[in-house]
Each structure stands twice: as C-alpha cells, then as structure tokens.
Amino acid sequence: MAGARLARLAEEAWSVWSGPLALPPRWTSAVTVRLTPAGRWAFAETGWRVVVEPGGVVSVWIRGDDALAADAITRERRWLTALAEGALRRQAAALAIAPERTIVPDWLTVAAAEAVLVRGNPALGDEWRRVARAAAVLPSLRETLNWAGAQTADGAEAERRWLAAYGVWLWLQAEAGRGPAWRRLVTGLLEGVSPGLALVRGYEPRFAAAEARDIELAWQVGAAAQAVLRTVPTWPAAESRRRLEQAARVTVRPLAGETEEAKELAELWAERGDPLLTSVRRARL
C-alpha cells in the first residue's frame, strides 16, 4: 500500500512541477525510485539518498520507516521532498549541467513538496497562511536561500523552515508573473550560482540595482501579502475530473494471470465486502 501511495504521489507531483520546474513531457531515462525498508537502509542519510549516474540516470532511495513521521502528511512531505530532489537533479542532467556542479537547494525541494500537498489538499494552503500570519517575522530571505538541513530538521525548526520555503516559492513566482524570471532563478541555482547572485540575475531588472536590505524588505512584505491572500479551496474543472477518475478506479491482479488490470469500483460490487476494497473505498470517499 505504501508503494502504491508513493506512485500516486509521484504522478501528482509531475503535474504540479511541470510548470514551475519546467519539466518536459518525458525524459529519455526515468527517475528510479526505491522505497527501502528501514532494516535494509545502508546509507548515511537519515531519510533519502539521490544518486546521479553517468548518462543522466537518477536513482532515489527513500527510507520506508513510518517511525520517521508523526503522521501521514509528515511522511508524504518527506517522500515528496526526496522526489523533488530527484526531479531537479534529473532536470539538471537534461540541461547538461554536470552532476558535480549541480546544486539542489533544500528550500526549493521543501517548497516543491508543499506545493504538491496543497494541490491535493487546499486546506493545507490555508494552514500555511494561518501560521504565516501568526509569525511576527519570517526567517530572512538570505537565511532561507542558503539553508541546508531538509533531512534533519524536526519539530519547531522544521515548521520554521517549511514556513519560509513555501513562502519564498509563492512570493517569487508571484513576482515573476508570466515572465521568465522564476525559471531563470531555478536554472541558475541548479548550475551552482550562489543564491543571491542567481536571484539578482534571474529577476533583472527588479532586483538588479537593489540593496540587500531592500530585497529583504520586499520578501517580508511579499510574504505578508501571500499570507492574507484570499483563495477559494477548489480545483479547476479539469483537475476535478482527473481526480474523480482516479478515485473511481482501482488496480487489481486476477488470481489467474500476472497482468494487472484497472477496474472501476462499480465493477467490483460483488466483492465489495473484501477488506482491501473496503479500505480503499473508505479512504477515497
């Protein structure tokens, strides 16, 4: 069940990240993701490990240990952060950026993970705005852009970093509008350009002549504006249809044969008392 949920999260993440991270319809080689039992975890990292091999082959190992997560949201936030790092490293390879030069900022992976969670559950966006309004001052932009510790942050520290990272994601994309500034920033960061320089270059002429204190003020004001922004927690019609179609289907493997089949839940009415189908139906309702 955990593997199936991770696969669905990966599909949802691709649809959310394709625009902000400029992901192509497909890569020549896919990102391989392995959910590894805690007893077989052999890496120094506590939550996940991303490896880039010659030719742009990217592998993501995620430690499948529920003890690392206090609840399902925390677990899926960790999974999505790992997937975001894998996607960004694969995108860097597609842009011909050498693996040894590639830098994937922790704030960007945390923010990308939150964007997927908010798309799936818009109330989480309301929660971010509530916490942001309650905070007197958000962490500084310099501190956020240079932060490293996505795998080890916990408790109040994790909430503080999540608050700032997702705020920067919202603010900078709002500043970019339909222009190329946001994508120029992401590309510069992946190329290993220092965060401050990547920001100034990406958002020329907005920040080209601005002093650091002026950019910091713009960040605090922009984040405050995002925190009070009124939004309607609904999906567009196309997204609603896609999710309803997903909720109505279940993948099963007949007893005779190895091929999995996608079935409508209504087709399995005779087996509606099966414990697995009961749990799936309850979760999706």
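Everything below is about the structure shown above.
Treat the numbers as computed from the prediction; the structure is a model and nothing was measured.

Participant: Help me understand the overall build of the chain in this model?
Facilitator: For the chain, the count of helices and strands is eleven helices and five strands. For the chain, the C-alpha atoms occupy an extent of roughly 70 × 45 × 35 Å along the three principal directions. Buried positions account for 39% of the 285 residues belonging to the chain. Put simply, of all contacts in the chain between residues at least 6 apart along the chain, 67% involve residues at least 24 apart. Carbon together with sulfur atoms contributes 55% to the accessible area of the chain, which is approximately 15,700 Å² in total. Positive and negative side-chain charges in the chain, numbering 37 and 33 respectively, have mean positions lying 3 Å apart.

Participant: I would appreciate a short explanation of the packing of helix α4 (residues 123-134) against helix α9 (residues 212-227) in the present structure.
Facilitator: Packed helices, taken two at a time, are described by the angle their axes make and the gap between the axes. Where α4 contacts α9, the axes come no closer than 8 Å and their chain directions differ by 130 degrees. Taken together, the axis directions place α4 and α9 in an arrangement best described as oblique. The element α4 and its partner α9 pack so that their crossing is left-handed. Across the interface between the two elements, W128, R129, A132 and R133 of α4 pack against A223, Q226 and A227 of α9.

Parameters and conventions
Residues numbered from 1 in each chain as written. Predicted model: local features only at pLDDT ≥ 70, side-chain atom pairs only at ≥ 80, totals over all residues. Heavy atoms only, no water. Helix = DSSP H or I, 4+ residues; strand = E, 2+ residues; numbered from the N terminus. Buried < 20%, exposed > 50% of the residue type's maximum accessible area, 1.4 Å probe, protein only. Contact = heavy atoms within 4.5 Å. Areas by Shrake-Rupley, 256 points an atom, 1.4 Å probe, with all protein chains shown as cover. Lys, Arg positive; Asp, Glu negative; His and termini not counted. Charge placed at Lys NZ, Arg CZ, Asp CG, Glu CD. Axes fitted to C-alpha atoms, helices over the stretch in contact; angles between N-to-C directions. Parallel < 35°, antiparallel > 145°, perpendicular 65-115°, else oblique. Left-handed = near helix turned anticlockwise from the far one by under 90°.

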